[in-house]
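Each chain, letter by letter, is given below.
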Amino acid sequence: MPEADEVDEEEEMPLSLRLSIADTLTLGNATCGFMAVYFTTTGILIPHLTGNDESAGMARHSAATAVILMLCAAVFDLFDGLVARKLRSSPMGAELDNLSDLISFGLAPAYFVLVYGMVADDAHQRMAALGAIVVLLAVVLRLARFSCVTMKDGMFQGMPSPFGALTVVSIVLLELPFVATLLAILGTAWLMVSRVEYPKPRGRLAGAMLAWIVLSMGLLAAWAFDAPSGQLLLQTGCALQLVMGAVIPLFATARRVNNFRDNRREARAAQLP
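As recorded in an unreviewed UniProt entry, the chain goes by the name CDP-diacylglycerol--serine O-phosphatidyltransferase, listed as coming from Streptomyces fodineus. In the Sequence similarities (unreviewed entry) part of its UniProt record, the chain is described as follows: "Belongs to the CDP-alcohol phosphatidyltransferase class-I family." Recorded in UniProt under Catalytic activity (unreviewed entry), the annotation for the chain is "a CDP-1,2-diacyl-sn-glycerol + L-serine = a 1,2-diacyl-sn-glycero-3-phospho-L-serine + CMP + H(+)".

Here is the structure:
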């Protein structure tokens, strides 16, 4: 009997290799990111390279599918953190999360920008490739810094990578002039590695983020299936995404300025006799 117990202990999977429920959601995040790259390649890039004249509808459907998959990745990323806090996370949970985020919110949007530079009429391929590299490196640096820097509870330093990825693809889908598109993409990349504070999606904010993602999926579906005013709805949703990306840092900066003023007033009041 003791020998049987020893065999069972040897065959038992090490604790570090056991996947929790949160880890499974994280792997769903990585899968969505990979499939977004797949649909961007097969539905947009390959028809363009092969000169398929009937690829316009396919490109629209594939672009919408790729972005919806990135949105699904954001949902998985939102819930894996919530589940990990409620239940438990495996010892490799943090590493899995960073690697999955790199695929879904680094590689997938950067590749989307790269393909945009190859298929858009007014785009410059090399400049678009440069923008894609900047987006990818910004996410790499952001995730590395997230693992090393301890922030105060409830706040992120820099634009979160899911929010940054969705902002990048929103810029592309707006179909602005190429120079404006590239500058907006570079500005988003800068925000991801900046020191601007962003609130973590918890409680009501997490519910609002989930509702926004569902609404975005509906707008993309309406555009993909050429619904009435689908293009206008998509552009409205993308514009709102950009507005949020610009407004949140302003609110964060205003809050920091107000906190600084309050601290100075308290310091002056403490010095008075």
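That shown, we press on.
Caption draft 1: Local environment of the overall build of the chain. The helix and strand inventory of the chain stands at 9 helices and 2 strands. Starting at the N terminus and walking to the C terminus, you meet the elements of the chain as α-α-α-α-α-β-α-α-β-α-α. The burial tally for the chain puts 41% of its 273 residues in the buried class. Carbon and sulfur atoms make up 66% of the accessible area of the chain, which amounts to about 15300 Å² in all.

Caption draft 2: Spotlight on unusual backbone geometry. Of note in this structure, Glu 175 is not a glycine but carries a positive phi near 60°. When you line up the elements, Glu 175 lands in the loop between α6 (161–173) and α7 (178–193). Looking at Glu 175, the relative accessible area reads 58%, which means it is exposed. The phi dihedral of Ser 229 falls on the positive side, at around 60°, and the residue is not glycine. Topologically, Ser 229 is positioned in the loop between α8 (204–224) and α9 (230–271).

Caption draft 3: Region of the structure containing the nonpolar core. With 44 residues, the main nonpolar core has Met 70, Phe 112, Leu 173, Ile 185, Leu 220 and Trp 223 as its most contacted residues. Elements that contribute at least two residues to this core include exactly α2 (21–50), α3 (56–86), α4 (93–119), α5 (125–148), α6, α7, α8 and α9. The element that contributes the greatest number of residues to this core is α3, accounting for 10 residues. The residues contacting Met 70, other than those within four sequence positions of it, are Ala 36, Ser 104, Phe 105, Ala 108, Pro 109, Phe 112, Leu 166 and Val 169. Counting 11 residues, the second-largest nonpolar core is a separate cluster that includes Ala 138, Val 139, Phe 163 and Ala 189.

Caption draft 4: Geometry of α6. Along its 13 residues, α6 runs 18 Å from first to last C-alpha, staying within 8% of the 18 Å computed at 1.5 Å per residue. Along α6, 13 of the 13 residues are buried, which leaves the element largely enclosed by surrounding structure. Looking one or two residues beyond α6, the residue adopting positive phi is Glu 175, at roughly 60°.

Caption draft 5: Expanded view of the packing of aromatic side chains. By the definition in use, this model includes 2 aromatic pairs. Relative to Phe 39, the ring of Tyr 38 lies with its centre 5.3 Å away and its plane at 80°, an arrangement referred to as edge-to-face. Classification of Phe 39 as partly exposed rests on a relative accessible area of 27%.

Caption draft 6: Structural detail: the side chain of Thr 181. Its place among the elements puts Thr 181 in helix α7. Reaching out from Thr 181, the side chain makes a polar contact with the backbone oxygen of Leu 176 at a distance of 3.3 Å. Discounting residues that sit within four places of it in the chain, Thr 181 has contacts with Tyr 116, Ile 171 and Leu 176.

Caption draft 7: Geometry of the packing of α4 against α6. The contact between α4 and α6 brings their axes to 9 Å, and the two run at 15°. With respect to their mutual orientation, α4 and α6 come out roughly parallel. Note that α4 runs across α6; the crossing there is left-handed. Along its contact with α4, which presents Asp 101, Phe 105, Pro 109, Phe 112, Val 113 and Tyr 116, the element α6 presents Ser 161, Pro 162, Ala 165, Val 168, Val 169, Val 172 and Leu 173. Among the residues forming the contact of α4 with α6, the class breakdown is 11 nonpolar, 1 polar and 1 charged.

Caption draft 8: Layout of the UniProt feature "transmembrane region" (unreviewed entry) in the chain. The UniProt record marks residues 25–46, 58–79, 99–120, 127–144, 164–193, 205–225 and 231–254 with the feature "transmembrane region" (unreviewed entry), using the residue numbering of this structure. The span residues 164–193 is 87% helical and 0% strand by assignment, and the distance between its end C-alpha atoms comes to 10 Å.

Caption draft 9: Region of the structure containing the environment of Ile 185. With respect to the helices and strands, Ile 185 occurs in helix α7. The class of Ile 185 is buried, set by a relative accessible area of 1%. In the structure, Ile 185 is positioned 15 residues away from Ser 170 in sequence and 9.7 Å away in space, judged by C-alpha atoms.

Caption draft 10: Structural detail: the environment of Ala 165. Looking at the element boundaries, Ala 165 is found in helix α6. Under the relative-accessibility criterion, Ala 165 is labelled buried at 2%. On a C-alpha basis, the gap between Ala 165 and Phe 105 in space is 5.1 Å, while along the polypeptide they are 60 residues apart. Filtering out sequence-adjacent residues up to four positions away, Ala 165 remains in contact with Phe 105 and Pro 109.

Rules used in this analysis
Residues numbered from 1 in each chain as written. Predicted model: local features only at pLDDT ≥ 70, side-chain atom pairs only at ≥ 80, totals over all residues. Heavy atoms only, no water. UniProt positions renumbered as here; feature names shortened; annotations may be inferred. Helix = DSSP H or I, 4+ residues; strand = E, 2+ residues; numbered from the N terminus. Buried < 20%, exposed > 50% of the residue type's maximum accessible area, 1.4 Å probe, protein only. Areas by Shrake-Rupley, 256 points an atom, 1.4 Å probe, with all protein chains shown as cover. Core = buried A, V, L, I, M, F, W, Y, C linked by side-chain atoms within 4.5 Å. Contact = heavy atoms within 4.5 Å. Expected span 1.5 Å × (residues − 1). Phe/Tyr/Trp six-rings, centres within 6.5 Å; stacked < 30°, edge-to-face > 60°. Polar contact = N/O pair within 3.5 Å; in protein donor to acceptor, adjacent residues only side chain to side chain. Axes fitted to C-alpha atoms, helices over the stretch in contact; angles between N-to-C directions. Parallel < 35°, antiparallel > 145°, perpendicular 65-115°, else oblique. Left-handed = near helix turned anticlockwise from the far one by under 90°. Nonpolar A, V, L, I, M, F, W, Y, C, P; charged D, E, K, R; others polar.

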